[in-house]
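# Summary of structural features
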Amino acid sequence: MKEGASLTNTRNNRLLRIIAGGCVVSLMYTSTLFTSIFSNKITEEEELQKIRQLALSVDHGDGTCKWMPPAYEIPEFLNFYKTIIAGYPSGDKRLAYMQLEGLTGWSAKDEWDFEFLGMSNHPFIKVNYPHHEGNWVWEDVGDQVIMVLRDMRQSMMEYHDILWDIGYAKTREEAYSKIDDLYRTVPPHIEQFLKWRDERVMDEIHWYGWFIDYWMEAGLLRDIFTHKITTTEHWDLLMNSEDLNKKGVKYDTIVGNTTVTPVYDPNCLNNVSGGCQPVQVISAARLYDLEAGPAEGRKIALALKGKEGIDQYLIDESVWECIWRELVVNKKGYKTFQDREGLDQRDYNFGPEMLEEMVIELTRLIEKYSSNVPPDNWYELQTAKDLVDMLTENRASIELELVEVNSHRRLLTEEDFLGPIEREKRRAKSLALILKEKGKEAYLSERKLDDEDFSDFFAKVERDLLKERVNKHKQESLEREAKRQNQKKMWSKTSA
């Protein structure tokens, strides 16, 4: 038989199976409905079929599909193999869990929803943990982990406390005009503000690597800033301290030269049936890429294939790419970070010191996970190979930017992320110019500002911003719950 005829017959046979399956489902639904009319009860089977009719993406049987919104109300009687979607705080995880939702028809739930709305049976759990903007509140319902990775530079831009919470303000004046409700004390000098902001991002660079280590090493406890294996006592301080900078939780002060026995987070040991080490590492950038995206989306689908309780809801493999295309190309579903306006990759520049720090941290991670030395043998794992590939690509782009900055092809302004050393150099030049043009009195007056201690002020800024974000998460949780309730009402009307 010719190949074309064989392909046509295969497609026709598949269409017949889909039609026949639809007839069987229809007969089952009619039979169940008939029973429920006389018994005046809605059976579990009927409830499930109502939900699936409204929430399941449609496989047309010819390689095409139609994305449908997932079911937000999840029946408690279903037994799912559940997936944790872990990622550094930013907009990177949304498209990944949208893929999971489109592939199965079941919705994801944010860790903050568990915090404010309580436990539920959602099969996909989106988390920032162990970052301080996350909390392990989903108890022991996770079974496996997918880690979603955004490039370091973009993560610093997207997440950094000031940028994230005040709409990407570039100057101190604009920043404080947008967060006036948070604190009404007199703001510090602009130099103090920018210096604090730079130091905060320098710390965040190490949080990024620490986050990756936590999941790749299945919850091994490490210090954020030195990456040394740490004690339970020190870990608890890192996780619970209101002082989010390194001064209050310094490793040398808390642990010192003590010999530390490796300890794992009890949540990973006891509350994830398949362990915390990711079964897939997903690149957020590649997931959006028109060429690399389908393969990255396929990795997400493969994480569900063969998993008890969820595989049966996974749409046919022939339309996995179609689901990806519906979400990425046709823009179905929620808005993602790619849809946000007002921020461009080049809107903020980083000084040499910061770019070099990023390269150092990325190099540490690359060397670690490309090693095949016992007992870890990292590079035998496909997840480690994927991670190293992503980090290497990220490092190359940052190294290129460093060349542009050092050659002055990319010019820096005072409001950019200069880093402590570069900012101090510029401050010294500024003071020298004031001395030359305005005299000693003006110089001393300006120099006095540098000696003022605003540590308490910025500690309060940190706490207030975190409270503001928590309130924002709570509001978003309530909005998602309202959406679930509206969908539930729609199902009730459909069955009436």
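For the structure, see preceding data.
In this report, we go over the structure that sits alongside the text.

Cut-offs used in this document
Residues numbered from 1 in each chain as written. Predicted model: local features only at pLDDT ≥ 70, side-chain atom pairs only at ≥ 80, totals over all residues. Heavy atoms only, no water. Helix = DSSP H or I, 4+ residues; strand = E, 2+ residues; numbered from the N terminus. Buried < 20%, exposed > 50% of the residue type's maximum accessible area, 1.4 Å probe, protein only. Contact = heavy atoms within 4.5 Å. Pairing = 2+ DSSP bridges. Axes fitted to C-alpha atoms, helices over the stretch in contact; angles between N-to-C directions. Disulfide = S-S within 2.5 Å. Parallel < 35°, antiparallel > 145°, perpendicular 65-115°, else oblique. Left-handed = near helix turned anticlockwise from the far one by under 90°. Core = buried A, V, L, I, M, F, W, Y, C linked by side-chain atoms within 4.5 Å. 1 Å grid on protein atoms, 1.4 Å probe; cavity = no way out; pocket = protein on both sides within 12 Å on 5 of 7 lines; lining within 4 Å. Points joined across faces, edges and corners; volume = space filled by probe spheres on them. Nonpolar A, V, L, I, M, F, W, Y, C, P; charged D, E, K, R; others polar.

Relative to the elements of secondary structure, Arg-286 occurs in helix α12 (residues 284-288). Overall, the relative accessible area of 17% leaves Arg-286 in the buried class. With residues up to four places along the chain from it excluded, the contact list for Arg-286 reads Ala-292, Gly-293, Glu-296, Asp-389, Met-390 and Glu-393.

Attention now moves to the sheet that holds strand β3 (residues 83-87). With parallel pairing, 5 strands are arranged side by side in an open sheet as β4-β5-β3-β6-β7. Looking at strand neighbours, the two that pair on one side only are β4 (108-110) and β7 (280-283), the edges of this open sheet. This sheet shows a mean twist of 25° between the axes of neighbouring strands, independent of strand direction.

To continue, consider the state of the cysteines. Under the counting rule described, the total for this entry stands at 2 disulfides. One disulfide bridge connects Cys-268 with Cys-276, the sulfur atoms lying 2.1 Å from each other. Across the S-S bond linking Cys-268 and Cys-276, the dihedral sits near -95°, which makes this disulfide left-handed. Among the residues examined, Cys-276 registers a relative accessible area of 1% and is labelled buried. In the protein chain, the bonded cysteines, numbered by position in the sequence, are linked as 1-4, 2-3.

With their axes 10 Å apart at the nearest point, helix α3 (residues 93-104) and helix α14 (residues 320-328) run at an angle of 130° to one another. As the angle between them shows, α3 and α14 are arranged oblique. With respect to the hand of their crossing, α3 and α14 are arranged in right-handed fashion. Along the contact surface, α3 presents Leu-95, Met-98, Gln-99, Gly-102 and Leu-103, while α14 presents Trp-320, Ile-323, Trp-324, Leu-327 and Val-328.

Attention now moves to the nonpolar core. Formed by 60 residues in total, the largest nonpolar core has its most connected members in Ile-212 and Trp-215. Among the elements of the structure, β3, β5 (124-127), β6 (144-149), α5 (152-159), α8 (190-216), α9 (232-240), α15 (352-369) and α16 (382-406) are those that each provide at least two residues to this core. Looking at this core, the element that brings in the most residues is α8, giving 11 residues. Apart from residues no more than four positions distant in its own chain, Trp-215 is found in contact with Ile-84, Ala-86, Val-127, Tyr-129, Pro-130, Trp-136, Val-145, Met-147, Cys-276, Gln-277 and Pro-278. Of all hydrophobic cores here, the second largest spans 39 residues; its members include Ile-74, Val-148, Leu-304 and Cys-322.

Below, the discussion takes up unusual backbone geometry. Of note, the bond from Tyr-129 into Pro-130 is cis; its omega dihedral lies within 30 degrees of zero at 10°. In this structure, Pro-130 sits in the loop between β5 and β6. The residue Ala-218 is not glycine, and still its phi comes out positive at about 60°. Looking at the element boundaries, Ala-218 is found in the loop between α8 and α9. For Ala-218, a relative accessible area of 23% gives the class partly exposed.

Let us now look at the environment of Gly-61. Relative to the assigned elements, Gly-61 resides in the loop between β1 (58-59) and β2 (65-66). Considering only alpha carbons, one finds Gly-61 and Asp-316, 255 residues apart in sequence, at a separation of 9.0 Å.

Quick look at the packing of α8 against α15 now. A pair of packed helices is captured by two measures, namely the crossing angle of their axes and the spacing between those axes. In the contact formed by α8 and α15, the axes pass within 10 Å of each other and the chain directions differ by 10°. By the angle between their directions, the pair α8 and α15 is classed as roughly parallel. Here Asp-198, Val-201, Met-202, Ile-205, His-206, Tyr-208, Gly-209, Trp-210, Ile-212, Asp-213 and Met-216 of α8 come into contact with α15, specifically with Glu-353, Met-354, Glu-357, Met-358, Glu-361, Leu-362, Arg-364, Leu-365, Lys-368 and Tyr-369.

Let's shift gears to the pairing of β6. Among the 6 residues of β6, 6 are classified as buried, and the element is accordingly described as predominantly covered. Across the two faces of β6 the burial is the same, with Gln-144, Ile-146 and Val-148 and Val-145, Met-147 and Leu-149 all buried. As paired elements, β6 and β7 share 4 bridges and run parallel to each other. Across the sheet, Val-148 pairs through a bridge with Ile-282, a residue of β7.

The next thing to look at is empty space enclosed by the protein. Overall, the coordinates contain 2 cavities of 30 Å³ or more when judged by the stated rule. For the second largest cavity, the calculated volume is near 40 Å³. Gly-87, Tyr-88, Met-147, Val-148, Leu-149, Arg-150, Tyr-208, Phe-211 and Ile-212 together form the lining of the second largest cavity. At the level of elements, β6 and α8 are the ones that each hand at least two residues to the lining of the second largest cavity. When grouped by side-chain class, the residues that make up the lining of the second largest cavity number 7 nonpolar, 1 polar and 1 charged.

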